[in-house]
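# Coordinates in review
Here's the letter readout for the chains.
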Amino acid sequence: MTNLAPSDKALVPFVSVDHMMQLIHHVGMAEMLRGLATYIEDDFKRWELFDKTPRIASHSAEGVIELMPTSDGETYGFKYVNGHPKNTADGLQTVTAFGLLADVDTGYPVLLTEMTLLTAMRTAATSALVARTLAPKGATTMAMIGNGAQSEFQSLAMQAIAGVTHVRLYDIDPAATEKCTRNLAGTGLVVTPCSSAEEAIEGAHILTTCTADKAYATILTDNMVGAGVHINAIGGDCPGKTEIAPAILQRGDIFVEYPPQTRVEGDIQQLDPDHPVTEIWQVLSGAATGRTSDKQITIFDSVGFAIEDFSALRYVRDAIEGTALFHPLDLLADPDDPRDLMGMVMRSLG
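Owing to the predicted nature of the structure, the values given are computational and were not obtained by experimental measurement.

### Concerning the pairing of strand S5 (residues 97-103)
- In terms of burial, S5 is a largely internal element, five of the seven residues being buried.
- In terms of strand pairing, strand S4 (residues 75-83) meets S5 through seven bridges, oriented antiparallel. Bridged to tyrosine 76 within S5 is alanine 102.
- By the bridge criterion, five bridges tie S5 to strand S6 (residues 109-114) in an arrangement that is antiparallel. Paired with leucine 100 across the strands is leucine 112, a residue of S6.
- The hairpin formed by S5 and S6 contains five residues between the paired strands, and glycine 107 there has a positive phi angle of roughly 80 degrees.

### Quick look at the sheet that holds strand S3 (residues 64-71)
- Spatially, the seven strands line up as an open sheet ordered S2-S3-S4-S5-S6-S1-S17, and their pairing is mixed. Both outer strands of the open sheet, strand S2 (56-59) and strand S17 (327-330), are each paired with one neighbouring strand and no more. When strand polarity is set aside, the average angle formed by the axes of neighbouring strands in this sheet is 20 degrees.
- As defined by bridge partners, S2 adjoins S3 across four bridges and the pair is classed as antiparallel. Of the residues in S3, the one forming a bridge with alanine 57 is glutamate 66.
- Across the sheet, helix H1 (residues 17-27) lies against strand S1 (11-15), S6 and S17, angled at about 65 degrees from S1, the strand it touches most.

### Re the packing of H1 against helix H3 (residues 116-134)
- At their nearest, the axes of H1 and H3 sit 9 Å apart, and the two run at 35 degrees to each other. Within the contact between the two elements, H1 uses Val17, Met20, Met21 and Ile24 and H3 uses Leu117, Leu118 and Met121.
- Looking at the contact of H1 with H3 residue by residue, the classes come out as seven nonpolar, no polar and no charged.

### Observations concerning the pairing of strand S12 (residues 230-233)
- Burial of S12 is two-sided: the residues His230 and Asn232 facing one way and the residues Ile231 and Ala233 facing the other way are all buried.
- Here strand S10 (residues 206-209) pairs with S12 via four bridges, running parallel. The partner of threonine 209 across the bridge, within S12, is alanine 233.
- Examined bridge by bridge, S12 and strand S16 (residues 298-301) share four bridges and lie parallel to one another. Residue pairing in the sheet places asparagine 232 in a bridge with phenylalanine 300 of S16.

### What about the sheet that holds strand S15 (residues 278-279)?
- Taking strand neighbours across the sheet as the criterion, the eight strands line up as S9-S8-S7-S10-S12-S16-S14-S15 in an open arrangement whose pairing is parallel. Sheet topology places strand S9 (190-193) and S15 at the edges, where each strand pairs with a single neighbour.
- In this sheet, strand S8 (residues 166-170) lies alongside strand S7 (residues 141-145) in parallel orientation, the contact comprising five bridges. The residue bridging isoleucine 145 from the neighbouring strand is tyrosine 170, located in S8.

### Quick word on helix H4 (residues 151-162)
- For H4, spanning 12 residues, the distance from its first C-alpha to its last is 15 Å, which sits close to the expected 16 Å at 1.5 Å a residue.
- Within H4, 11 of the 12 residues are buried, leaving the element largely enclosed by the surrounding structure.
- By the burial criterion, the buried members of H4 are Ser151, Glu152, Phe153, Gln154, Ser155, Leu156, Ala157, Met158, Ala160, Ile161 and Ala162.

### Digging into the packing of helix H2 (residues 29-44) against H4
- One way to put it is that H2 packs onto H4 with a least axis distance of 9 Å and a crossing angle of 80 degrees. The angle between H2 and H4 falls in the class roughly perpendicular. Together, Met29, Ala30, Leu33, Arg34 and Ala37 of H2 and Phe153, Leu156, Ala157, Ala160 and Ile161 of H4 make up the contact between the two elements.
- Class assignment of the residues belonging to the contact of H2 with H4 gives a composition of nine nonpolar, no polar and one charged.

### A few points about the packing of aromatic side chains
- On inspection of all chains with the given rule, the structure shows eight aromatic pairs.
- Centre to centre, the rings of tyrosine 39 and tyrosine 315 are 5.3 Å apart; their planes meet at 80 degrees, and the pair counts as edge-to-face. With tyrosine 39 in helix H2 and tyrosine 315 in helix H10 (residues 306-319), this residue pair connects regions lying 276 residues apart in the sequence. Across this residue pair, the class does not change: tyrosine 39 and tyrosine 315 are buried.
- On the numbers, 5.1 Å between centres and 85 degrees between planes, the contact of phenylalanine 50 with phenylalanine 310 is edge-to-face. With phenylalanine 50 in the loop between H2 and S2 and phenylalanine 310 in helix H10, the pair connects residues that are 260 residues apart, well separated along the chain.

About the criteria used
Residues numbered from 1 in each chain as written. Predicted model: local features only at pLDDT ≥ 70, side-chain atom pairs only at ≥ 80, totals over all residues. Heavy atoms only, no water. Buried < 20%, exposed > 50% of the residue type's maximum accessible area, 1.4 Å probe, protein only. Helix = DSSP H or I, 4+ residues; strand = E, 2+ residues; numbered from the N terminus. Pairing = 2+ DSSP bridges. Axes fitted to C-alpha atoms, helices over the stretch in contact; angles between N-to-C directions. Contact = heavy atoms within 4.5 Å. Nonpolar A, V, L, I, M, F, W, Y, C, P; charged D, E, K, R; others polar. Expected span 1.5 Å × (residues − 1). Parallel < 35°, antiparallel > 145°, perpendicular 65-115°, else oblique. Phe/Tyr/Trp six-rings, centres within 6.5 Å; stacked < 30°, edge-to-face > 60°.

So this is what it looks like as structure tokens:
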């Protein structure tokens, strides 16, 4: 059998997990988080150019599998992602993902990449970008409640982007807190393990909740939250999964990515469907105000949105240019005559 060498048109850059880890070290963790935040902010400022739709979700008793597509008219992108809280008990990741960029003019893919690591990076970059925009001036301490796979990325992004210097950790599983403390050693952050959520929020002006249980939970109760804080609620991301007491939501000013998705998946699913919220792209573009007083409670009810993944994919496409941090993947059939796909198959027999 004769193997026909693939043409350049058949090859698509593929960034593996190994290459993504190399890219993080090549660029630097802090610098890559800042770069992702810049790309996300730039795309949020041109929000109105994008196709927008809530992610397409397939729910089961065990978890959810989702597709997250969008396009700015020139480039199309999507992410495949799952969320299965039970996976960690079997030694598996709760969240895995991969993504693709394509040229709108031809429909040809131009990038395929792992997005398990990249999703962790873009989620953290988005959180820190919003915290820099909404948190009280001079906020340097964050409570990180939920010390799973996302916690270190959140902490490092808050350090790199939002000026956080102290992180107070709590998880119902002490082993998770020990893991997070160990991984943050030597980063320059002052890390304090705590024995309760109440202890973790002492002195913190940024409160991040990131828990995995697929249930109506109350990680922050009304009596725990005083005035003058920013809440970064990122754990509620599907119907029936929440973290914040409704009374806190009633007292705060709520900022979201895309209301049609957040009202179904976010903490605000607990509120009336017409409860007022502000879209964060409007604040970043100057079309709406963010924090207006030191006493205000701001809440970023973040569920993740496709434009953030699009931004991350754009970043990776640019970052790997001129490097060897990808595989040329033989992904597309490219017959000599576009109408003769069968001929290509037959000639491959030699």
